Amino acid sequence: MANVQHDLIVIGAGPGGYIAAIRAAQLGLNAACIDENPELGGTCLRVGCIPSKALLESSQRYHAAKHDLAAHGVQTGEVSFDLSAMMKRKEKIVGSLTRGVASLFKKYGVTRYTGRGRLDGPGTVRVEGPDAVTLNAKHIVLAAGSVPAPLPGVEVDGDRIGGSTEALSWPEVPGRLVVIGAGSIGMELGCVWARLGARVTVLEYLDRILPGMDGEISREAQKIFKKQGIEFQLGTKVTGARANGAQCTVDIAGAEPIVCHRVLLCVGRRANTQGLGLESVRIELDKTGRIPVDEKWATSAAGVYAIGDLVRGPMLAHKAEEEGAACVERIVTGYGHVNYDAIPGVVYTHPEAASVGKTEEELAGAGVPYKIGKAIYFSNGRAKALGDTEGFVKILTHKDTDRILGVHILGAQAGDLIAEAAAAINFGASAEDLAHTSHAHPSLAEIVKEAALA
Ligand code: NAI
């Protein structure tokens with residue numbers, strides 16, 4: 001069969017890849033997108049961001065009904081939950097969103113291929129699988145995402161010992177759950193199962209949780225999670241884990257092993273570069289296993305670009321989306337830009353932790369003179385009405401110019417409040433600009449204004 005010609009081919013239909021393919025089609029290119037999974041949307045949509053948020057919401061509602069409603073004068077009687085109904089709701093949400101991506105492909109005329117995409121020399125991609133075919137294009141965008149990083153000695157069996165994908169679908173609440181790694185996945189999914197009744201122990205190698213977040217946010221968040229019943233062992237090196245029937249044993253350097261019912265391994269992710277055929281165009285990986293790219297997301301191979309988790313920077317869906325759109329705009333129009341200082345990061349626990357720009361540790365480490373403005377949820381009227389008074393907003397500005405360099409929020413709706421901070425940083429705003437912006441009363445957003453005033 002003759003090769004099929006496209007203008008631009010994207011390998012991977014996650015948030016980076018599907019946005020790149022749609023943007024290319026919108027800009028008039030004959031675009032194609034390859035994914036081995038028949039459901040589009042990648043890790044984020046199928047087994048990541050979206051299903052975890054669905055379970056976080058369900059488990060939080062159960063927890064609130066059980067523990068918080070009485071304070072509002074709402075009487076419930078005995079509160080219980082149906083785990084399979086929670087799972088079905090989660091799957092329904094995922095299904096409607098993956099179908100939504102498919103209908104966007106149809107609407108904009110993106111050609112879809114189901115199978116594994118592999119580079120096969122300059123300008124050529126082979127699709128292996130249901131839609132097996134050889135394709136040619138002038139531009140190829142690699143957007144294959146990431147996969148969970150393994151940990152030596154931990155025998156992942158995909159059942160008792162697994163990663164985030166498995167932990168989104170357990171058929172019952174584990175009596176005791178050990179979480180290895182106190183990053184975003186560990187804290188979010190640890191919270192889900194703790195709310196549903198599991199005894200959760202988080203083992204973390206570093207002396208803090210949520211690496212990458214501002215240190216003060218991490219410390220306060222840990223105190224709050226501890227009050228919620230999560231146990232932490234920091235400075236703990238896990239050396240192995242194995243399942244034996246319905247039980248697992250987790251080995252720790254210099255301490256007694258822990259016996260539990262399930263283990264969630266979440267010690268980071270690594271770029272999904274295997275089987276991409278990088279050698280066929282002589283692309284070499286950097287020391288961290290990612291694909292080196294320039295400011296146009298161009299790799300060392302002519303016509304081949306890479307975005308999202310495959311390349312440097314935080315492994316976040318919205319960072320990949322920005323890169324997907326900007327990379328294609330660069331190819332077609334010559335313009336396209338991502339402001340890496342204005343990419344927010346959110347951990348969807350309760351309360352949420354959100355961050356954009358530099359942390360205090362980063363500013364101190366770089367010798368940048370800075371000022372801190374803080375405001376707490378406790379004195380905010382809306383927070384009191386919500387019954388969510390834990391947390392604070394911390395704004396870091398340049399000491400001389402007042403320009404906002406970082407904003408860090410721990411508290412209810414932090415993930416939404418951070419959008420204003422990202423916009424402020426993107427526009428080069430000062431704290432004074434934010435402080436002089438009218439914020440609705442009563443709203444949680446006023447805490448951001450108060451921190452700016454401070
Ligand atoms: P992570 O990199 O956020 O955290 C992994 C943690 O594991 C680190 O604190 C590390 O010190 C610890 N660790 C490493 N080796 C260890 C050992 N031997 N024993 C104990 N602890 C050990 O990785 P995570 O949580 O797996 O998330 C993966 C990626 O997915 C991240 O890039 C994250 O940004 C992204 N993600 C983002 C979410 C969000 O934006 N809400 C939610 C979930 C994931």
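The following refers to the structure shown.

Cut-offs applied
Residue numbers here run from 1 along each chain, matching the order of that chain's written sequence. Local features in this predicted model are restricted to residues whose pLDDT is 70 or higher, and side-chain atom pairs enter the listing and the counts only when it is 80 or higher, whereas totals over whole chains, interfaces and linings include all residues. Processing note: side-chain calculations cover all non-hydrogen atoms of the structure and skip hydrogens and water entirely. Runs of H or I in DSSP of at least four residues are treated as helices and runs of E of at least two as strands, each being numbered from the N terminus. A radius of gyration in this sense is built from C-alpha atoms; the matching globule rule multiplies 2.2 Å by the number of residues raised to 0.38. Contacts: residue pairs with any heavy atoms within 4.5 Å of one another. Shrake-Rupley sampling with a 1.4 Å probe provides the accessible areas, and residues are treated as covered by the protein chains on show and by no other component. The classification of residues rests on relative accessible area computed with a 1.4 Å probe and restricted to protein chains. Under 20% of the type maximum is buried, over 50% is exposed, and intermediate values are partly exposed. What counts as a salt bridge is simple: a side-chain nitrogen of Lys or Arg found within 4 Å of a carboxyl oxygen of Asp or Glu. DSSP-based pairing: two strands are paired if at least 2 bridges between them are found. We call a residue near a given molecule or strand whenever any one of its heavy atoms falls within 4 Å of it. As used in this structure description, the phrase polar contact means that two N or O atoms lie within 3.5 Å; if the pair is within protein, one of them must be able to donate a hydrogen and the other to accept it, and residues adjacent in sequence are counted only when both atoms belong to side chains. Think of each axis as a best-fit line through the C-alpha atoms, taken over the contacting stretch in the case of a helix, with angles from 0 to 180 degrees between the N-to-C directions. Roughly parallel means an angle under 35 degrees; roughly antiparallel means over 145; roughly perpendicular covers 65 to 115; every other angle is labelled oblique. Definitions for this section: a left-handed crossing has its near helix turned counterclockwise from the far helix by less than a right angle. A right-handed crossing has that turn clockwise. In this classification, the charged set is Asp, Glu, Lys and Arg, the nonpolar set is Ala, Val, Leu, Ile, Met, Phe, Trp, Tyr, Cys and Pro, and all remaining amino acids, among them Gly, are polar.

1. So, the overall build of the protein chain
- Counting its regular elements, the protein chain contains 13 helices and 24 strands.
- Relative to the globule expectation of 22 Å for 454 residues, the C-alpha radius of gyration of the protein chain, 23 Å, shows essentially globular dimensions.
- Once the C-alpha set of the protein chain is aligned to its principal axes, its extents read approximately 70 × 60 × 45 Å.
- Sequence-distant contacts in the protein chain: of pairs separated by 6 or more residues, those separated by 24 or more amount to 63%.
- Accessible surface computed for the protein chain: about 20,600 Å², of which carbon and sulfur atoms make up 51%.

2. Some thoughts on the side chain of serine 164
- Its place among the elements puts serine 164 in helix H5 (residues 164-167).
- When its relative accessible area of 11% is taken as the criterion, serine 164 is described as buried.
- If near-sequence neighbours (up to four positions away) are discounted, serine 164 is found in contact with Ile185, Leu189, Leu264 and Arg269.

3. Thoughts on the pattern of salt bridges
- Summed over the entire model, instances satisfying the criterion amount to 22 salt bridges.
- Across the pair glutamate 216 and lysine 374 runs a salt bridge whose closest N-O atoms are separated by 2.3 Å. Of the two residues, glutamate 216 is situated in helix H7 (residues 215-227) and lysine 374 in strand E22 (residues 370-376); the sequence distance between them amounts to 158 residues.
- Exposure remark for lysine 374: the relative accessible area of 37% places this residue in the partly exposed category.

4. Here we look at the pairing of strand E15 (residues 247-252)
- A one-sided burial pattern is seen for E15, the buried positions being Cys248, Val250 and Ile252 and the unburied ones Gln247, Thr249 and Asp251.
- Bridge analysis of strand E14 (residues 238-244) against E15 gives 6 bridges, and the strand direction is antiparallel. When the bridges of E15 are listed, asparagine 244 appears paired with glutamine 247.
- Joining the antiparallel neighbours E14 and E15 is a turn of 2 residues, in which glycine 245 adopts a positive phi near 65 degrees.
- Strand direction decides the pairing type here: E15 and strand E16 (residues 255-260), joined by 4 bridges, are antiparallel. Considered in E16, the bridge of valine 250 is made with isoleucine 258.
- Hairpin connection between E15 and E16: a loop of 2 residues separates the two successive antiparallel strands, and glycine 254 in this loop has a positive phi of roughly 75 degrees.

5. Quick word on the site of the ligand
- Taken together, 23 residues sit near the ligand, with Ile185, Glu188, Glu204, Gly268 and Val346 positioned nearest.
- Within the contact set of the ligand, an oxygen atom lies 2.9 Å away from a backbone nitrogen or oxygen of glycine 268.
- In this structure, valine 346 approaches the ligand through a main-chain N or O atom, which is 2.6 Å from a nitrogen atom.
- The protein chains hide 80% of the 860 Å² of surface that the ligand would expose on its own.

6. A word on the sheet that holds strand E4 (residues 111-114)
- Here 5 strands make up an open sheet; going across it, the order is E4-E3-E2-E8-E19 and the pairing parallel. The open sheet has two edge strands with one neighbour each: E4 and strand E19 (304-306). Neighbour-to-neighbour, the strand axes of this sheet turn through a mean angle of 20 degrees, independent of strand direction.
- Inspection of the sheet shows strand E2 (residues 8-11) paired to strand E3 (residues 31-35) by 4 bridges, in the parallel sense. Along E3, the bridge assignment pairs leucine 8 with alanine 31.

7. Description of the sheet that holds E22
- The strand order across the open sheet formed by 5 strands is E20-E21-E24-E23-E22, and the pairing between neighbours is antiparallel. Among the strands making up the open sheet, the edge pair consists of strand E20 (345-347) and E22. Across the sheet, the axes of successive neighbouring strands diverge by a mean angle of 10 degrees, strand direction being ignored.
- The sheet contact formed by strand E23 (residues 391-398) and strand E24 (residues 404-411) spans 7 bridges and is antiparallel. Bridging from a neighbouring strand, valine 393 pairs with isoleucine 409 of E24.

8. Here we look at the packing of helix H1 (residues 15-26) against helix H4 (residues 83-108)
- Two elements in contact, H1 and H4, have axes whose closest approach is 9 Å; the angle formed by their N-to-C orientations is 20 degrees. On the basis of the axis angle, H1 is roughly parallel to H4. In this structure, the crossing between H1 and H4 has a hand that is left-handed. Across from Tyr18, Ala21, Ile22, Ala25 and Gln26 in H1, the residues of H4 making contact are Val101, Leu104, Phe105 and Tyr108.
- Of the residues that constitute the contact of H1 with H4, the class distribution is 8 nonpolar, 1 polar and no charged.

9. Let's talk about the packing of H1 against helix H8 (residues 317-333)
- Contact geometry for H1 and H8: axes closest at 7 Å, N-to-C directions at 30 degrees. One element, H1, and the other, H8, form an angle in the roughly parallel class. Like other packed secondary-structure pairs, H1 and H8 cross with a definite hand, here right-handed. Here H1 contributes Pro15, Gly16, Ile19, Ala20, Arg23 and Ala24 to the contact with H8, which in turn contributes Ala317, Ala320, Glu321, Gly324, Ala325, Val328 and Glu329.
- A class-by-class count of the residues in the contact of H1 with H8 yields 8 nonpolar, 2 polar and 3 charged.

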